[in-house]
Amino acid sequence: MDDDEIRAAVAADVPAVKAVTDAAYHHYIERIGRVPRPMERDHAANVAAGQVFVTGEPVIGLVAVEEYADHLYLDNIAVHPDAQGQGVGGRLLRFVEAHARALGVPEVRLYTNAMMWENQKIYPKYGYEFVERRVEGPYDRIHYRKRLV
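Visitor: Got a minute to help me understand the sheet that holds strand β2 (residues 52–55) in this structure?
Guide: Hydrogen bonding along the main chain pairs the strands of a sheet, whether they run parallel or antiparallel. Pairing is mixed in the open sheet, where seven strands are placed in the order β1-β2-β3-β4-β5-β7-β6. Unpaired on one side and paired on the other, β1 (6–8) and β6 (129–136) mark the two borders of the sheet. Strand-to-strand twist of the sheet, defined as the mean angle between neighbouring strand axes without regard to direction, takes the value 30°. Across the face of the sheet, helix α1 (residues 14–25) comes into contact with β2, β3 (61–67) and β4 (72–79) while running at roughly 80° to β4.

Set out below in C-alpha cells:
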C-alpha cells in the first residue's frame, strides 16, 4: 500500500485510530482541563458508519467526518506526533475537501477548542474562515468553515 493513500478505515484499524487520536490529543488534557472530545468518541461505531478515513501503514493520520445535506462536518483530524510536520494534516484536509465536493455539499465545517491555539493558526492557512466563538457546556469552541463553491 502507498503510504500516501487515504482510505476508508476498516474494523481492524480501530485500535490504530484510537491510538493515533489519543497520541495527537493527549497533551491537551492538562491545557484544557479535561479529555478532548475526539478521545472520547466511539471509534468502532464511527469506523463502522464509514465516517473515518486513514493514511499510512501503520496508520499515522486520520479524519472523521459526518455528512449533512448542506455541509461536511470534520469531527476529528489527528496526526500521530511522530508524523507531524510532514504534510500529513494538509493532505488529510485536502482529502476532506475533495470528499465534500464528491458528495456535492458546498462547504466543510469544523470547530476546535479555544485552548488549542495551534489549530487557530493552521485552519486559516487552508482557507477556513472564522465563523464564531461559542461556549457549549464546558467547551469553549472556535467554529470555522470553508466554502467550496
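Visitor: What should I look at first to understand the pattern of salt bridges in this one?
Guide: A pair can form between side chains of opposite charge whenever their charged atoms are brought close. Per the counting criterion, the structure on display carries 15 salt bridges. Across the pair Glu-129 and Arg-147 runs a salt bridge whose closest N-O atoms are separated by 3.7 Å. Within this pair, whereas Glu-129 is found in strand β6, its partner Arg-147 is found in strand β7 (residues 139–147), the two being separated by 18 residues in sequence. The exposure class assigned to Glu-129 is partly exposed, which follows from its relative accessible area of 31%. Here Arg-141 makes a salt bridge to Glu-136, at a shortest N to O gap of 2.7 Å.

Visitor: Whenever I open this one, the packing of aromatic side chains confuses me. Can you help?
Guide: Each aromatic ring pair is summarised here by two numbers: the centre-to-centre distance and the angle between the ring planes. A complete count under the given rule lists five aromatic pairs for this structure. With centroids separated by 6.3 Å and ring planes inclined at 55°, the aromatic side chains of Tyr-25 and Tyr-28 adopt a geometry described as tilted. The interplanar angle of 65° and the centroid separation of 5.9 Å between the aromatic rings of Tyr-123 and Tyr-128 together place this pair among those described as edge-to-face. For the pair shown, Tyr-123 and Tyr-128 are each scored as buried. An aromatic cluster is built from Tyr-123, Tyr-128 and Tyr-144, whose rings are joined through pairwise contacts. Its guanidinium or amino end placed over the ring of Trp-117, Arg-31 lies 3.8 Å from that ring's centre, counting from NZ or CZ.

Visitor: Even after reading the chapter, I still don't get the environment of Arg-34, so can you show me in this structure?
Guide: Positionally, Arg-34 belongs in the loop between α2 (28–32) and α3 (37–40). Along the chain, Arg-34 and Asn-119 lie 85 residues apart, while their C-alpha atoms are 18 Å from each other. For Arg-34, the residues in contact, after removing those within four places along its chain, are Tyr-28, Ile-29, Pro-138 and Tyr-139.

Visitor: It is not clear to me how the side chain of Thr-112 should be interpreted in this structure. Could you clarify?
Guide: Mapping Thr-112 onto the fold places it in strand β5 (residues 107–113). Thr-112 sits in the buried class, given a relative accessible area of 4%. Setting aside its immediate chain neighbours within four residues, Thr-112 contacts Asn-119, Gln-120, Tyr-123, Asp-140, Arg-141, Ile-142 and Tyr-144.

Visitor: Would you take a moment to explain the nonpolar core for this structure?
Guide: As a rule of thumb, nonpolar side chains are buried together in soluble globular proteins. In this structure, Val-63, Leu-74, Ile-77, Val-96, Val-108, Tyr-123 and Tyr-128 are the most contacted members of the largest nonpolar core, which totals 23 residues. Ranked by residue count, the leading element in this core is helix α5 (residues 88–103), at six residues. Not counting the four nearest positions on each side in its chain, Tyr-128 is found in contact with Leu-93, Glu-97, Val-108, Leu-110, Tyr-123, Tyr-144, Arg-145 and Lys-146.

Calculation notes
- Residues numbered from 1 in each chain as written.
- Predicted model: local features only at pLDDT ≥ 70, side-chain atom pairs only at ≥ 80, totals over all residues.
- Heavy atoms only, no water.
- Pairing = 2+ DSSP bridges.
- Helix = DSSP H or I, 4+ residues; strand = E, 2+ residues; numbered from the N terminus.
- Axes fitted to C-alpha atoms, helices over the stretch in contact; angles between N-to-C directions.
- Contact = heavy atoms within 4.5 Å.
- Salt bridge = Lys/Arg side-chain N within 4 Å of Asp/Glu carboxyl O.
- Buried < 20%, exposed > 50% of the residue type's maximum accessible area, 1.4 Å probe, protein only.
- Phe/Tyr/Trp six-rings, centres within 6.5 Å; stacked < 30°, edge-to-face > 60°.
- Lys NZ or Arg CZ within 6 Å of the ring centre and 35° of its normal.
- Core = buried A, V, L, I, M, F, W, Y, C linked by side-chain atoms within 4.5 Å.

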